[in-house]
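Survey of secondary and tertiary structure
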Amino acid sequence: MPALDDILDRLHVVALPMRVRFRGITVREVALIDGPAGWGEFGAFLEYEPPEAAAWLAAGIEAAYRPPPPVYRDRVPINATVPAVPAAQVPEVLSRFPGARTAKVKVAEPGQTLADDVARVNAVRAQVPVVRVDANGGWTLQQAVDAAAALTADGPLEYLEQPCATVEELAALRRKVAVPIAADESIRKADDPLRVVRARAADVAVLKVAPLGGVARMLDIAAQIDIPIVVSSALDSAVGIARGLLAAAALPELEHACGLGTGGFFVDDVAEVPAPVDGYLPVGAVVPDSARLSALAAAPQRRQWWIDRVRECYPLVSE
């Protein structure tokens, strides 16, 4: 572990304005660490308490201070990500993902209806051949059964991502519907991330580098999972996206497009984000631009908030 003072000396806090509301926010704050091995990102969402946020700090420290693993590929297929926007806005969102052959569509948004979800999914389906949906655990078991029927009435789904909140519900749903089930929160928010696999509650595992504590930790979990893996982002800056691409490139097998194309949701980022080519993003380290770091710097009180947060999480990382 590097010393806390060294981490804080290397800290940059930025506020990235977003093109669309995502997870209820329009500005994404992250703390970046300019380390001897590269740049790391600490971007745990603001509502996360220190025990959960500490894993995100561990991921940032790993990127900043430890060498990367070897990789099997130099580019990674990505999916388009469609927030819970009106169906009429779908073409504009998809235009940010040139060449994408797979799209993940957010559903089960509070305040919206299943009919809204169906309209959005069908609008995506009209442009992209492979569609998956992500409910973020927002449905009950019966709602998920009904949604699976409604959302596949006009075409297939690659999978339902985290349709219900609990492992038990996922396992029960998997027995009731023909659509494959993917687990996200049931892995990254669990004390035992492998429980969902042992319970045969999922057909696909969605793994995110930061919430799992870094690339090495994610690869360790992946090695113990006997179902296909999709590497996804956690609304990361260009720095965090690069770590996700690295993790995906380090997997021996990669059967599905990964959710690592969310950089297009930002009006501006700390580094130039390459556009996907034929639905792929290149693998490589990202070095933030100093002018962008200055222009996107968070207000002094927000910088102090992140410094205090690092101080709170650091002892938990050490443990």
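Procedures and definitions
Just so you know, the residues in each chain are numbered from 1, in the order the chain's sequence is written. Where local features are concerned, this predicted model is filtered to residues with pLDDT of at least 70; where side-chain atom pairs are given and counted, the filter is 80 or more; whole-chain, interface and lining totals use all residues. In computing side-chain values, all of the structure's heavy atoms are included and hydrogens and water are not. At least two DSSP bridges between two strands are required for those strands to pair. In DSSP terms, a helix is any run of H or I states spanning at least four residues, a strand is any run of E spanning at least two, and both are numbered starting from the N terminus. Buried residues are those whose accessible area, probed at 1.4 Å on protein chains only, stays under 20% of the maximum for their type, while exposed residues exceed 50% and partly exposed ones sit between those limits. The directions considered for the arc run from the helix axis to the C-beta atoms. Only heavy atoms enter the contact rule, under which two residues are in contact if any of them lie within 4.5 Å. For this analysis, a nonpolar core means a set of buried residues of the types Ala, Val, Leu, Ile, Met, Phe, Trp, Tyr and Cys, connected via side-chain atoms within 4.5 Å. Interaxial angles span 0 to 180 degrees and are taken between N-to-C directions of axes, which are lines fitted to C-alpha atoms, for helices over the stretch in contact. Orientation categories follow fixed angle ranges, with anything under 35 degrees roughly parallel, anything over 145 roughly antiparallel, 65 to 115 roughly perpendicular, and all other angles oblique. Each residue gets one label: Ala, Val, Leu, Ile, Met, Phe, Trp, Tyr, Cys and Pro are nonpolar, Asp, Glu, Lys and Arg are charged, and the others, such as Gly, are polar. Aromatic pairing here means that ring centres of Phe, Tyr or Trp (its six-membered ring) are within 6.5 Å. Orientation follows from the plane angle: under 30 degrees is stacked, over 60 is edge-to-face, and everything else is tilted. Counted as over-ring charges are cases with an Arg CZ or a Lys NZ within 6 Å of the ring centre that also lie within 35 degrees of the ring normal.

Next up on the list: the sheet that holds strand S7 (residues 130–134). One open sheet holds the 7 strands; their spatial order is S5-S6-S7-S8-S9-S10-S11, and the pairing between them is parallel. The open sheet is flanked by strand S5 (80–82) and strand S11 (229–232), the only strands paired with a single partner. Where strand S8 (residues 160–161) lies against strand S9 (residues 181–183), 2 bridges are found, and the strand directions are parallel. Within S9, the residue paired with Leu 160 across the bridge is Ile 181.

This part is about the pairing of strand S10 (residues 204–208). Look at any regular strand and the pattern is simple: side chains alternate between the two faces of the sheet. Of all 5 residues making up S10, 5 are buried, and the element is well covered by its neighbours. Of the two faces of S10, both are covered, the one formed by Val 204, Val 206 and Lys 208 as well as the one formed by Ala 205 and Leu 207. Bridge count between S9 and S10: 2 bridges; the pairing is parallel. Of the residues in S10, the one forming a bridge with Ala 182 is Val 204. Strand direction decides the pairing type here: S10 and S11, joined by 4 bridges, are parallel. Looking at the pairing, Leu 207 lines up with Val 231 of S11.

If you check which residues of helix H5 (residues 141–151) are buried, you get Ala 144, Ala 147, Ala 148 and Leu 151. Mapping the buried residues of H5 onto a view down its axis gives an arc of 105°, with all of them on the same face. Buried residues belonging to H5 abut helix H4 (114–125), S7, S8 and helix H6 (167–176).

Nonpolar side chains in soluble globular proteins tend to be buried together. Counting 110 residues, the largest nonpolar core has Phe 42, Leu 57, Trp 139, Leu 160, Val 196, Leu 207 and Ile 225 as its most contacted members. The leading source of residues in this core is helix H2 (residues 50–65), at 8 residues. The residues contacting Leu 160, other than those within four sequence positions of it, are Val 133, Trp 139, Ala 148, Leu 173, Val 179, Pro 180, Ile 181 and Ala 182. In terms of nonpolar packing, the next biggest core, distinct from the first, is built from 5 residues, Ala 182, Val 204, Val 206 and Val 230 among them.

So, about the packing of H2 against helix H13 (residues 300–318). Running from amino to carboxyl end, H2 crosses H13 at an angle of 85°, the nearest separation of the two axes being 8 Å. Taken together, H2 and H13 sit at an angle that is classed as roughly perpendicular. Each of Pro 50, Pro 51, Ala 53, Ala 54, Leu 57, Ala 58 and Ile 61 in H2 lies in contact with H13, whose residues at this interface are Arg 309, Val 310, Glu 312, Cys 313, Tyr 314, Leu 316 and Val 317. Taken together, the residues of the contact of H2 with H13 break down into 12 nonpolar, no polar and 2 charged.

Turning our eyes to something else, we now look at the packing of aromatic side chains. In total, this model carries 6 aromatic pairs according to the counting rule given. Note on Phe 45 and Trp 56: the rings are 5.5 Å apart at their centroids and 70° apart in plane angle, and the pair reads as edge-to-face. You can see Phe 45 sitting in the loop between strand S3 (38–42) and H2 and its partner Trp 56 sitting in helix H2, a full 11 residues away along the chain. Judged on exposure class, the residue Phe 45 and its partner Trp 56 are both buried. Between the aromatic rings of Trp 305 and Trp 306, the centroid separation amounts to 5.2 Å while the plane-to-plane angle is 75°, which identifies the pairing as edge-to-face. Residue classification places Trp 305 among the partly exposed residues on the basis of a relative accessible area of 29%. An aromatic cluster is present here, built from Phe 42, Trp 305 and Trp 306 joined pairwise through their rings. Its end group placed over the ring of Trp 306, Arg 309 keeps NZ or CZ at 5.1 Å from the ring centre.

Pairing in this open sheet of 3 strands is antiparallel, and the strands run S1-S2-S3 from one edge to the other. Strands with a single pairing partner mark the edges of an open sheet, and in this sheet they are strand S1 (11–22) and S3. Adjacent strand axes in the sheet meet at a mean angle of 35° when their direction is disregarded. Pairing analysis gives 8 bridges linking S1 to strand S2 (residues 25–35), with the strands arranged antiparallel. Bridging from a neighbouring strand, Leu 11 pairs with Ile 33 of S2.

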